[in-house]
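Residues per chain, in single letters:
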Amino acid sequence: MTTIIPLAEIDPQLVDALLDSAFGEDRHDRTAYKVREGMDMLEGLSLAAVDQDKHELLGSIQCWPIALTDEQGKMHPMIMVGPVAVYPDFQREGIGRAMMTALLNEIQPEAPLPLVLIGDPEYYERFFDFTAEGTRGWTLPGPWEPSRLLVRSGKNIPLPKTGTLGPWKR
């Protein structure tokens, strides 16, 4: 039986093994890691999927404080979602979707920050209302496919058309 629990309850070495399996051992070179460089994971929004009966980690989702810095130097706080990882043997069983749903249920509806991720636009738009619309003028500290830079934001939250994503530093 799959259960969603706080990621902080999982041994970090098990999480690293999962991420290596899902994304490869060179994953630290990816642009997403540069966007959140130096930040601590948001523990209250980072989750794990475990098989309680087998005491086995199946997947994880991490969230990070980031910001979009506009051309005037103003930082617009956001939350970066990812990596979203599921062991290859357990993919296509709804584990990633269950973790994303649990994450979205944790977000405070009265003060939501925009969520950003780099991922499959068809999947994340269809199930979770992420879109690449509005992100075309954003830049990242490394290579990325513009169609895969996605945002989910409340309708009343204006986002800059241009800017650079990076760690949230005050």
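Heads up: these notes are all about the structure in this document.

The next thing to look at is the pattern of salt bridges. Where charged atoms from two side chains of opposite charge come close, those side chains can pair. In this structure the tally under the stated criterion is two salt bridges. Arg27 is the salt-bridge partner of Asp16, the closest N and O atoms lying 3.2 Å from each other. In this pair, Asp16 is assigned in helix 1 (residues 12–23) and Arg27 in the loop between helix 1 and helix 2 (31–35), connecting sequence segments eleven residues apart. Residue classification places Arg27 among the buried residues on the basis of a relative accessible area of 3%.

The next thing to look at is helix 4 (residues 121–128). Helical geometry: 3.6 residues make up each α-helical turn, so side chains three or four residues apart lie on a common side. Those residues of helix 4 that sit buried are Pro121, Tyr124 and Phe128. Projected onto a plane normal to the axis of helix 4, the buried residues spread over an arc of 95 degrees and lie on a single side. The outward face of helix 4, more than 90 degrees from its buried face, is lined by the exposed residues Glu122 and Arg126. Close packing links the buried residues of helix 4 with strand 4 (75–86), helix 3 (95–106), strand 5 (115–118) and strand 7 (149–152).

To continue, consider the layout of surface pockets. Quantified by volume, the largest pocket comes out at close to 1,000 Å³. Lining the largest pocket are 32 residues, with Phe23, Val84, Gly119, Asp120 and Tyr124 sitting closest to its centre. Looking at the lining of the largest pocket, the elements with two or more residues in it are helix 1, helix 2, strand 4, helix 3, strand 5 and helix 4. Of the residues in the lining of the largest pocket, the class split is 18 nonpolar, six polar and eight charged. Considering only enclosed or pocket space, the second largest pocket measures out at about 290 Å³ in volume. Considering the residues around the second largest pocket, the lining is formed by Leu104, Ile107, Pro112, Leu113, Pro114, Leu115, Asp129, Arg152, Ser153, Gly154 and Lys155. A per-class count over the lining of the second largest pocket returns six nonpolar, two polar and three charged.

Before going further, it helps to examine the environment of His55. You can see His55 is positioned in the loop between strand 2 (47–51) and strand 3 (56–69). Take His55: its relative accessible area is 73%, and that puts it in the exposed class. Expressed as a C-alpha distance, the spacing of His55 and Pro88, which sit 33 residues apart in the sequence, is 17 Å.

Viewed as axis vectors pointing N to C, helix 3 and helix 4 meet at an angle of 50 degrees, and their least axial separation amounts to 12 Å. By the criterion of interaxial angle, the relationship of helix 3 to helix 4 is oblique. Judged by the twist between their axes, the crossing of helix 3 over helix 4 is right-handed. Residues Gly96, Arg97, Met100, Thr101 and Leu104 of helix 3 lie in contact with helix 4, whose contacting residues are Tyr123, Tyr124, Phe127 and Phe128. When its residues are assigned to classes, the contact of helix 3 with helix 4 shows six nonpolar, two polar and one charged.

Turning next to the packing of aromatic side chains. The relative placement of two aromatic rings is captured by the distance of their centres and the angle of their planes. Considering all chains together, one arrives at six aromatic pairs under this definition. An angle of 75 degrees between the planes, with centres 6.0 Å apart, marks the rings of Tyr124 and Phe130 as edge-to-face. Seen from their ring centres, Phe127 and Phe128 are 6.3 Å apart, and the 55 degrees between their planes marks the pair as tilted. An aromatic cluster is defined as three or more aromatic residues linked by ring pairs; in this entry it consists of Tyr123, Tyr124, Phe127, Phe128 and Phe130.

With 22 residues, the main nonpolar core has Ile61, Val81, Met100, Leu103, Leu115, Tyr124 and Phe130 as its most contacted residues. The residues touching Phe130, leaving out its near neighbours within four places in the chain, are Met100, Leu115, Val116, Leu117, Tyr124, Glu125, Leu150, Val151 and Arg152. Counting 14 residues, the second largest nonpolar core, distinct from the first, contains Ala32, Leu68, Leu149 and Val151.

To continue, consider a negative patch on the surface. There is a patch of like negative charges on the surface, built from Asp120, Glu122, Glu125, Asp129 and Glu133. With respect to the secondary-structure elements, Asp129 resides in the loop between helix 4 and strand 6 (137–139). For Asp129, a relative accessible area of 56% translates into the label exposed.

The rules behind each value
Residues numbered from 1 in each chain as written. Predicted model: local features only at pLDDT ≥ 70, side-chain atom pairs only at ≥ 80, totals over all residues. Heavy atoms only, no water. Salt bridge = Lys/Arg side-chain N within 4 Å of Asp/Glu carboxyl O. Helix = DSSP H or I, 4+ residues; strand = E, 2+ residues; numbered from the N terminus. Buried < 20%, exposed > 50% of the residue type's maximum accessible area, 1.4 Å probe, protein only. Arc of directions from axis to C-beta. Contact = heavy atoms within 4.5 Å. 1 Å grid on protein atoms, 1.4 Å probe; cavity = no way out; pocket = protein on both sides within 12 Å on 5 of 7 lines; lining within 4 Å. Points joined across faces, edges and corners; volume = space filled by probe spheres on them. Nonpolar A, V, L, I, M, F, W, Y, C, P; charged D, E, K, R; others polar. Axes fitted to C-alpha atoms, helices over the stretch in contact; angles between N-to-C directions. Parallel < 35°, antiparallel > 145°, perpendicular 65-115°, else oblique. Left-handed = near helix turned anticlockwise from the far one by under 90°. Phe/Tyr/Trp six-rings, centres within 6.5 Å; stacked < 30°, edge-to-face > 60°. Core = buried A, V, L, I, M, F, W, Y, C linked by side-chain atoms within 4.5 Å. Patch = residues over 30% accessible without salt bridge, like charges linked within 9 Å, V, L, I, M, F, W, Y side chains within 5 Å. Areas by Shrake-Rupley, 256 points an atom, 1.4 Å probe, with all protein chains shown as cover. Lys, Arg positive; Asp, Glu negative; His and termini not counted. Charge placed at Lys NZ, Arg CZ, Asp CG, Glu CD.

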